Amino acid sequence: MKALNISIVGATGAVGAELIRLLDASQIPVNRLRLLASRNSAGRQVRFRDEICFVEALDQIGDLQADVAFLCAGGAVSAEWAPRFAAQGALVIDNSNAFRMDPDVPLVVPQINPSALSDRPRPGIVANPNCSTIQLVRVLRPLATALDVHQIIVTTYQAASGGGLIGIDELRNGTKAVLEGRSGPPAERFPVSLSFNVVPQVGEIGSEGVTLEELKLLQEARKILAMPDLRLTSTCVRVPVENGHSEAVYLEFEKPVRLEQVHELLAKEAGVRLYADGIREGYPTPRFLTNPEDVHVGRVRVNPQNPRGLWLWVVADNLQVGAALNALLIAQLAIANRVIGGK
C-alpha cells in the first residue's frame, strides 16, 4: 500500500504523545506526519522515526488534506474540526465523545466489532470509545457471547492521566504540597484535590445523579456489543494513580456459572491476560502491568451467596488500551479493509 499522510490533532497531549510513540513503532508506512496543537505548543520539536517534526498551530493552517486524521484534543475541538478534515478526504479517528452515539459513526474496538468498519462511514468519521469502556467490553464480549447476562454492576478506579497531562501534573503537585505540609494549589482538572484522596465523580453529574462517564459506559457498551437492552450500572471513581484504570465488575447471569468455564473463555480471548491462580500469579495492579497492550483480569470468583454471580478485577493502561492503541488499531483495520490507502 502507499505511504499515508497522517495528521494528529492534540499531538502534545498525553494521548497524542502516546499515539506518536506507537505509530513510530508500527509498520504503518508514513509519507508525511503533521503534528497539530494549540498556539502555545506551536514550534515544539518531536522526533518521529528518522526525522524531526515541528508542531503547528491548528487554527493557523489552511491545508487539512490527509489520509488519516487522529483527533486527540477533546470534544469541542473534535466537533469543529472532525467534519472539516473529513470534508477534505481524511478518515477521521476521533478520541472524544463528540460523535460516539451518532448512528452514522461506527464506534469501534477492533477485537470486538471489526465489521463496523467494513466500509468507509458516510461522515468520514470513526469514533474511538471511552477509555473505561474499551477495557470493559474486551472482557465482557466472550462472557456475554457464551452466557446469558442478566445485569452488570461496575465500579471504576480511574487514574489521573484520564485528565491528560494537566491531571497528572495536578496529582503530582498536590501530592508534593501535602508531603511538605502545604495546602497546595486548588483543584482544576478534578472536582476536588486528588492527592491522597478518592473522588466519586468522573465527568459532570446529570439531573438523575448519573455522571457523564457512567452514562458513557452504558451507552457505548450497548453500541459496541450490539446489545441494546444490556443492563449495566456503574459508579466511576477517580483515584490518586498516575496511569492505569481499574474496574471491579460484577456480572449476574440467568443461570449458575462455572468458574472453569469463565477461565476457559477469558484465557482464549486475544489480548486478555488472565490471572487464574491468585495465589501463584497474584493479581494485576495499574502500577505493575507487565504488558501495557493487554487487558489484565484477576480476582475471578463466583459469588458464594449466589452461583449466578461472578466478580472480575480488570486493569488496563488507559493511555494505550483505552485510547492511543485502540485508535492505531482502528487505523490498521481501516487499512486492512481498504477503507484508507487505496482500493
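Before reading further, recall that the structure is shown in the block above.
No experiment lies behind these values; they were computed from the predicted model shown.

**Looking at the overall build of the chain**
Then, in step 1: Secondary structure summary: the chain contains 8 helices and 13 strands in total.
Then, in step 2: In terms of C-alpha radius of gyration, the chain reaches 20 Å, essentially the compact-globule figure of 20 Å for 343 residues.
Then, in step 3: Residues classed as buried in the chain amount to 52% of the 343 residues present.
Then, in step 4: Restricting the contact set of the chain to residue pairs at least 6 apart, pairs at least 24 apart contribute 67%.
Then, in step 5: Taken as a whole, the chain presents about 15900 Å² of accessible surface, with 49% of it coming from carbon and sulfur.

**Thoughts on the pairing of strand β6 (residues 91-94)**
Working note: regular strand, side chains alternate between the two faces of the sheet.
Then, in step 1: Burial along β6 is two-sided: L91 and I93 facing one way and V92 and D94 facing the other are all buried.
Then, in step 2: Across 4 bridges, strand β5 (residues 68-71) lies against β6 in parallel orientation. Across the sheet, A69 pairs through a bridge with V92, a residue of β6.
Then, in step 3: As a crossover connection, the stretch from β5 through helix α2 (residues 75-87) into β6 is right-handed.
Then, in step 4: One ladder, built from 3 bridges, connects β6 with strand β7 (residues 125-127); its direction is parallel. In the sheet register, I93 faces β7, and the bridge partner there is V126.

**Thoughts on the packing of helix α3 (residues 131-146) against helix α5 (residues 212-225)**
Then, in step 1: Remark: α3 packs on α5, axes separated minimally by 9 Å, with the N-to-C direction vectors making an angle of 45°. As the angle between them shows, α3 and α5 are arranged oblique. Note that α3 runs across α5; the crossing there is right-handed. For the pair α3 and α5, the contacting residues are C131, S132, T133, L136, V137, L140 and R141 in the first and E213, K216, L217, E220, A221, I224 and L225 in the second.
Then, in step 2: For the contact of α3 with α5, the per-class residue count stands at 8 nonpolar, 2 polar and 4 charged.

**Here's the deal with the sheet that holds strand β1 (residues 4-9)**
Then, in step 1: Taking strand neighbours across the sheet as the criterion, the 7 strands line up as β3-β4-β2-β1-β5-β6-β7 in an open arrangement whose pairing is mixed. Of all strands in the sheet, those bounded by a partner on one side alone are β3 (45-48) and β7. The sheet shows a mean angle of 25° between the axes of neighbouring strands, taken without regard to direction.
Then, in step 2: Its contacts with the sheet put helix α8 (residues 320-336) on β1, β5, β6 and β7, and the angle it makes with β6 is roughly 155°.

**Description of the sheet that holds strand β8 (residues 149-158)**
Then, in step 1: Read across the open sheet, the 6 strands follow the order β9-β8-β10-β13-β12-β11; overall the sheet is mixed. At either margin of the open sheet sits one strand with a lone partner, and together these are β9 (232-238) and β11 (272-274). Along the sheet, successive strands turn relative to each other by an average axial angle of 20°, direction set aside.
Then, in step 2: With 7 bridges connecting them, β8 and β9 associate as parallel partners. From the neighbouring strand, V154 faces β9, where its bridge partner is S234.
Then, in step 3: Along the sheet, α5 makes contact with β8 and β9, crossing β9 at roughly 140°.
Then, in step 4: Taken strand by strand, helix α6 (residues 259-267) contacts β11, β12 (295-302) and β13 (309-316), and its axis lies near 170° from that of β12.

About the criteria used
- All chains use their own residue numbering, which begins from 1 and follows the written sequence.
- Reporting in this predicted model follows two pLDDT cut-offs: at least 70 for local features of residues, and 80 or more for side-chain atom pairs to be given and counted; totals over whole chains, interfaces and linings ignore these cut-offs and use all residues.
- Hydrogens and water molecules were not included; the side-chain quantities draw on all heavy atoms of the structure.
- Each helix corresponds to a stretch of at least 4 residues labelled H or I by DSSP, and each strand to a stretch of at least 2 residues labelled E; elements are numbered beginning at the N terminus.
- As a reference, a globule follows 2.2 Å times the number of residues to the power 0.38, and the radius of gyration itself is taken over C-alpha atoms.
- Relative accessibility decides the category of a residue: with a 1.4 Å probe and only protein chains considered, values under 20% of the type maximum give buried, values over 50% give exposed, and everything between is partly exposed.
- Two residues qualify as a contact provided that any one of their heavy atoms is within 4.5 Å of a heavy atom in the partner residue.
- We get accessible surface area from the Shrake-Rupley algorithm with a probe of 1.4 Å; when it comes to residues, only the shown protein chains can shield them.
- The pairing criterion is simple: DSSP has to find at least two bridges between the two strands.
- With the strands aimed away from the viewer, a crossover counts as right-handed if its path from the first strand over the helix to the second runs clockwise.
- A fitted line through C-alpha atoms serves as each axis, taken over the contacting stretch for helices, and the angle formed by two N-to-C directions is quoted from 0 to 180°.
- Geometric relationships in this document are graded by angle, where less than 35 degrees denotes roughly parallel, more than 145 denotes roughly antiparallel, 65 to 115 denotes roughly perpendicular, and other angles denote oblique.
- Here a crossing is taken to be left-handed if its near helix is turned anticlockwise relative to the far helix by less than a right angle, and right-handed if that turn runs clockwise.
- The classification used treats Ala, Val, Leu, Ile, Met, Phe, Trp, Tyr, Cys and Pro as nonpolar, Asp, Glu, Lys and Arg as charged, and all other residues, Gly among them, as polar.

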